[in-house]
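Single-letter residue listing:
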Amino acid sequence: MSAAPLARKRTKPAPESSLPPEAYRQAVDQADLAISITDPRANILFANETFTRVTGYAPEEIVGKNESMLSNHTTPPELYKTMWADLSAQKPWSGRLLNRRKDGELYLAELTISPVVDAAGQTTHFLGMHRDITELHRLERVVANQKHLIESVVDAAPMALALLDPSGRVILDNQEYKKLVTDLRVKEPAHALLDGLTPAWRETLADDPRQLVMHNREARIDRAAGRARWLSVTSSVIGMHSDCADSYFCAAGQPGLLLVIADVTNLRDEQERARASALQAVLAEEERTAAIREGLSAAIFRLEEPMNVMTSAISVLQRRDPATATMLQMALNSSREHIETLRQVIPQSPQEIVVSVNINEILRDVLEVSTPRLLGAGIVVDWQPATTLPPILGRPLQLRMLFKALVDNAIEAMNIKGWKRRELSLTSARHGDCIVISVLDSGPGIPADWRLKAFEPFFTAKGGSGKHIGTGLSRAQQVVADHGGIIDLDESPSGGCAAIVEFRVDGDPI
Ligand code: FAD
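The structure presented is a predicted model; accordingly, all values stated were derived computationally and were not measured. Every chain is numbered independently, its residues counted from 1 as its sequence is written. Local features in a predicted model are, by the rule used here, given only for residues with pLDDT of at least 70; side-chain atom pairs are given and counted only at 80 or more, and totals for whole chains, interfaces and linings are based on all residues. For the side-chain quantities, the full set of heavy atoms in the structure was used; hydrogens and water were omitted.

1. Things to note about the domain arrangement of the protein chain
Part 1 of the argument: Boundaries between domains were set according to an automatic or database domain assignment. Each assigned domain of the protein chain is listed with its residue range as follows: domain 1 (20-137), domain 2 (157-240 + 252-263), domain 3 (269-344) and domain 4 (355-504).
Part 2 of the argument: Computed from C-alpha coordinates alone, the two centres of domain 2 and domain 3 are separated by 55 Å.

2. Comments concerning the confidence of the model for the protein chain
Part 1 of the argument: The predictor reports its confidence for every residue as pLDDT, a score running from 0 up to 100. For the protein chain, per-residue confidence averages 87 on the pLDDT scale, and 92% of positions sit at 70 or higher.
Part 2 of the argument: Note on definitions: a residue-residue contact is assigned when non-hydrogen atoms from the two residues lie within 4.5 Å. Throughout residues 7-11 the model reports pLDDT below 50, and contacts reaching past four residues in sequence, or to other chains, amount to four contacts.
Part 3 of the argument: Here residues 463-470 scores under 50 on pLDDT; set against residues more than four positions off or in separate chains, the count is 18 contacts.

3. Comments concerning the pairing of strand β7 (residues 170-173)
Part 1 of the argument: Strand pairing is assigned whenever DSSP detects at least two bridges linking the two strands. Secondary structure elements are defined from DSSP: runs of H or I of at least 4 residues count as helices, runs of E of at least 2 residues count as strands, and each element is numbered from the N terminus. Bridging between strand β6 (residues 160-164) and β7 involves three bridges; their strand directions are antiparallel. By the bridge assignment, alanine 162 is partnered in β7 with aspartate 173.
Part 2 of the argument: Counting the residues that bridge the hairpin from β6 to β7 gives five residues, and of these glycine 168 lies at a positive phi of roughly 95°.

4. Structural notes on the pattern of salt bridges
Part 1 of the argument: Here, a salt bridge means any side-chain nitrogen of Lys or Arg that lies within 4 Å of a carboxyl oxygen of Asp or Glu. Taken as a whole and judged by the stated rule, the model has 27 salt bridges.
Part 2 of the argument: Arginine 138 is the salt-bridge partner of glutamate 135, the closest N and O atoms lying 2.8 Å from each other. Taken together, the positions of glutamate 135 and arginine 138, both in helix α5 (residues 134-156) and three residues apart, correspond to about one turn of that helix.
Part 3 of the argument: Per-residue accessibility, obtained with a 1.4 Å probe over protein chains only, is compared with the maximum for each type, and a residue is labelled buried under 20%, exposed over 50%, and partly exposed between these values. When its relative accessible area of 43% is taken as the criterion, arginine 138 is described as partly exposed.

5. A short note on the packing of helix α9 (residues 265-320) against helix α12 (residues 396-414)
Part 1 of the argument: Every axis corresponds to a line fitted to the C-alpha atoms, with the helix fit spanning only the stretch in contact, and the corresponding angles, defined between N-to-C directions, vary from 0 to 180 degrees. Two numbers describe how α9 lies on α12: the axes approach to 11 Å, and their chain directions differ by 75°. Relative to α12, the element α9 lies roughly perpendicular. Across the interface between the two elements, Arg275, Leu279, Val282, Leu283, Glu286 and Glu287 of α9 pack against Leu397, Arg400, Met401, Lys404 and Asp408 of α12.
Part 2 of the argument: Of the residues contributing to the contact of α9 with α12, the split by class is five nonpolar, no polar and six charged. Should an angle lie under 35 degrees it is considered roughly parallel, over 145 roughly antiparallel, and from 65 to 115 roughly perpendicular; all remaining angles are considered oblique. By the convention adopted, Pro, Cys, Tyr, Trp, Phe, Met, Ile, Leu, Val and Ala count as nonpolar, Lys, Arg, Asp and Glu as charged, and the other residues, Gly among them, as polar.

6. A short note on the site of the ligand
Part 1 of the argument: Proximity is defined per residue: if any heavy atom of the residue lies within 4 Å of a molecule or strand, that residue is considered near it. In the vicinity of the ligand, 19 residues are found, and the nearest of them are Glu67, Ser71, Tyr80, Trp84 and Asn99.
Part 2 of the argument: Pairs of N or O atoms within 3.5 Å make up the polar contacts considered here, provided that, within protein, one atom can donate a hydrogen while the other can accept it, and that residues adjacent in sequence are counted only when both atoms are side-chain atoms. Within the contact set of the ligand, a nitrogen atom lies 2.9 Å away from a side-chain nitrogen or oxygen of asparagine 99.
Part 3 of the argument: Protein chains shield 70% of the accessible area of the ligand, which is 900 Å² for the free molecule.
Part 4 of the argument: No other element matches helix α4 (residues 77-88), which puts three residues into the shell around the ligand.
Part 5 of the argument: Taken together, the residues of the shell around the ligand sort by class into ten nonpolar, seven polar and two charged. In this description, accessible areas are obtained by the Shrake-Rupley approach with a 1.4 Å probe, and a residue is regarded as covered only by the protein chains that are shown.

7. Thoughts on helix α13 (residues 473-482)
Part 1 of the argument: Within α13 the residues assigned to the buried category are Leu473, Ala476, Val479, Val480 and Asp482.
Part 2 of the argument: On the buried face of α13, the contacting elements are α12, β16 (486-491) and β17 (497-504).
Part 3 of the argument: Backbone geometry just downstream of α13 places glycine 484 in the positive-phi region, at approximately 70°.

8. Some words on the sheet that holds strand β15 (residues 434-441)
Part 1 of the argument: In space, the five strands of this open sheet follow the order β12-β14-β15-β17-β16, with mixed pairing throughout. The open sheet has two free edges, formed respectively by β12 (380-384) and β16, since each of these has just one partner strand. Recorded for the sheet is a direction-independent mean angle of 15° between the axes of neighbouring strands.
Part 2 of the argument: The pairing of β16 with β17 spans six bridges and is antiparallel. Its bridge partner being in β17, aspartate 490 is matched across the sheet by alanine 498.

9. What to know about the sheet that holds strand β3 (residues 93-100)
Part 1 of the argument: Read across the open sheet, the five strands follow the order β2-β1-β5-β4-β3; overall the sheet is antiparallel. The sheet is open, and its two borders are formed by β2 (44-47) and β3, each paired with just one other strand. The sheet shows a mean angle of 30° between the axes of neighbouring strands, taken without regard to direction.
Part 2 of the argument: When β3 meets strand β4 (residues 106-117), the two strands line up antiparallel, connected through eight bridges. Opposite tryptophan 93, over in β4, you have isoleucine 113 as the bridge partner.

Next up, the structure:
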């Protein structure tokens, strides 16, 4: 219904031949809207056919009566006060009133009243237009009730629910989901989960949400404080009708994505505990093998030095004392055979297949297996994981060995008699296409000129200077390189050692 005021001052008379006054009258009379015209005190002067149909009053029964005759006297008086305040100010008024038909039946009227103002600025009449919106109101209530019912059911569900529109906006959620927001301290847990499960989800959601349909896929949300949460996500595509005007003649709307999120942390914790003890055994075994491998390699390396001397001696003696040279040559040959035998018994590292790996899980595992040593050395751990990390392709055991070696080095560096500050900071973060992991300790640190040498095989700073940078860094560098990453040593903010490892998210392991 238009609510434009009828007050106007004409500067130019309307062209009289364009529309005969009778046409106005017939148009008003036959309009499918209850129209009445009153005097300034709301006494009815005219009512059209639809007015009679809606109210039940014939023109002769209503003309001369006040509009208040329609009132059921249950409309709040404040509403009439506002109505009359607007009308007295010559402003149009619109609102909903409860009316009573002639037969006593109540109906809800949506009414617009416009003051008719003459050239002298006086309100001469009021034009009232109303329609029966009882059915519309009933439908509005049905929708509101249904919404309330759906929300109550959805809120009572023991799992978190979030409905995402094609742009990724959460347009419906429940109490459990709201709880996740506070528990996880993330703005939108649905986004954090999808970031971890399907990093390119935003584009996929807009293009083809069916590709995001998943069943019980588990994702881990790491928190700086408190234990990590494991959430299982099931998603389905929901057809939604667009509410934009341009979609009026075509019902098709864009589909939304419904996420059903269940907390499976307790279950996963149990599995994790069992897995951690199995892992501890595997890592201990692998460490033992690595120690044998390194010991034997170092021994061979050292044995090769005198053999090189022997080779030079043989070439010198060849002419002066051929008999001794031959004896030496025999001794050298037999030594080479023994060294070869030694080389063959060096245990090989197990061949691991490349799988999708979550670096946060690897770091958690390492912290878990290192906990007894960390506690024993009185080291305070600051674990700052990225809330979610995209998976990388890698060899989980080798990666665990890598970070365990870095953590072990940090523990060893700080576990010096009398060393006061014992802090280990472990951080994972995503920087663009890279995942950056920092292992910082508050030990004595590594002198700048040792930082490169530290990666050489068999390099150790043990003894001599009293500063120990640990073993296995050459192996660690090999693992990082095998995963297409880089490792650097630097000074940590506390003056200790900072080991920074960087992997590319799309990096291919060798
Ligand atoms: P009333 O005694 O009529 O008035 C209630 C309050 O309204 C008073 O306290 C007074 O402050 C104020 N008021 C009343 N008349 C005037 C006035 N002339 N100038 C300034 N203030 C005034 N009401 C309905 O309930 N249903 C309708 O469908 C409806 N249609 C209307 C259509 C038109 C064109 C107009 C002008 C009014 C319409 N009204 C309608 C309002 C109606 O005139 C009454 O004001 C209302 O029904 C309240 O009636 P009442 O008997 O309870 O109180």
